[in-house]
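Descriptive structure summary
Read off the chains here:
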Amino acid sequence: MERVRGQRYPMTYNGTKAAWQLRARAGVQDFRFHDFRHDFGTKVLRETGNLKLAQKALNHRDIKSTLRYAHVLDEDVADAVERVAKSQKKSQSKLREVG
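Just so it is clear, the model here is predicted, and its values are computed rather than measured.

We now examine the packing of aromatic side chains. Evaluated as defined, the whole model comprises five aromatic pairs. Geometrically, the ring pair formed by Trp20 and Phe31 is tilted, given 6.0 Å between the ring centres and 35° between the ring planes. Here Trp20, found in helix H1 (residues 13-25), pairs with Phe31, found in the loop between H1 and helix H2 (35-48); they are 11 residues apart in sequence, far enough to count as distant. Residue classification places Trp20 among the partly exposed residues on the basis of a relative accessible area of 23%. The exposure class of Phe31 is partly exposed, given its relative accessible area of 29%. Measuring from centroid to centroid gives 5.5 Å for Phe33 and Phe36, while their planes differ by 75°, and the two rings are edge-to-face. Its relative accessible area of 42% is what places Phe36 among the partly exposed residues. Through a chain of ring-to-ring contacts, three or more aromatic side chains come together here, namely Trp20, Phe31, Phe33 and Phe36. Its end group placed over the ring of Tyr9, Arg3 keeps NZ or CZ at 4.3 Å from the ring centre. In this arrangement the basic side chain of Arg37 is found over the ring face of Tyr69, its NZ or CZ atom lying 5.4 Å from the centre.

Printed below as a string of structure tokens:
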């Protein structure tokens, strides 16, 4: 089968092994293959804001497992607080207009 640059193909054992060896040659230390699952879970949660979706994507039966994989970052919390504050200001402004 001819490979087309930019297309996705199933990972093979040898392909995975070669990619993992690049990590070592690049000098990356203290990184386990399993860390990719944590990264993926966190990215799904950040993009969607949906923990159940992250659970499904990670194929976890128990949501407690997903909680260990999908990390909430401080900047995510700050952004959420900021959105709530803006929403509150809009609501108060509309109430003043009506009242």
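Position of Asp35 among the secondary structure elements: in helix H2. Among the polar contacts listed, one links the side chain of Asp35 to the side chain of Arg32, at a separation of 2.7 Å.

Time to look at the environment of Leu51. Following the sequence through the fold, Leu51 ends up in helix H3 (residues 51-58). A C-alpha to C-alpha distance of 9.1 Å links Leu51 and Gly41, two positions 10 residues apart in sequence. When near neighbours in sequence (up to four residues on either side) are disregarded, Leu51 contacts Leu45, Ile63, Thr66, Leu67 and Ala70.

What follows concerns a positive patch on the surface. Among the surface-exposed residues, Lys86, Lys89, Lys90 and Lys94 lie close enough to one another that they form a single positively charged patch. Locating Lys89 in the fold gives a position in helix H5 (residues 74-98).

With that settled, consider a nonpolar patch on the surface. Taken together, the side chains of Val72, Val77 and Val81 present a nonpolar region at the surface, about 260 Å² in accessible area. Counting through the fold element by element, Val81 comes out in helix H5. Judged by its relative accessible area of 53%, Val81 is exposed.

Criteria and thresholds
Residues numbered from 1 in each chain as written. Predicted model: local features only at pLDDT ≥ 70, side-chain atom pairs only at ≥ 80, totals over all residues. Heavy atoms only, no water. Phe/Tyr/Trp six-rings, centres within 6.5 Å; stacked < 30°, edge-to-face > 60°. Helix = DSSP H or I, 4+ residues; strand = E, 2+ residues; numbered from the N terminus. Buried < 20%, exposed > 50% of the residue type's maximum accessible area, 1.4 Å probe, protein only. Lys NZ or Arg CZ within 6 Å of the ring centre and 35° of its normal. Polar contact = N/O pair within 3.5 Å; in protein donor to acceptor, adjacent residues only side chain to side chain. Contact = heavy atoms within 4.5 Å. Patch = residues over 30% accessible without salt bridge, like charges linked within 9 Å, V, L, I, M, F, W, Y side chains within 5 Å. Areas by Shrake-Rupley, 256 points an atom, 1.4 Å probe, with all protein chains shown as cover. Salt bridge = Lys/Arg side-chain N within 4 Å of Asp/Glu carboxyl O. Lys, Arg positive; Asp, Glu negative; His and termini not counted. Charge placed at Lys NZ, Arg CZ, Asp CG, Glu CD.

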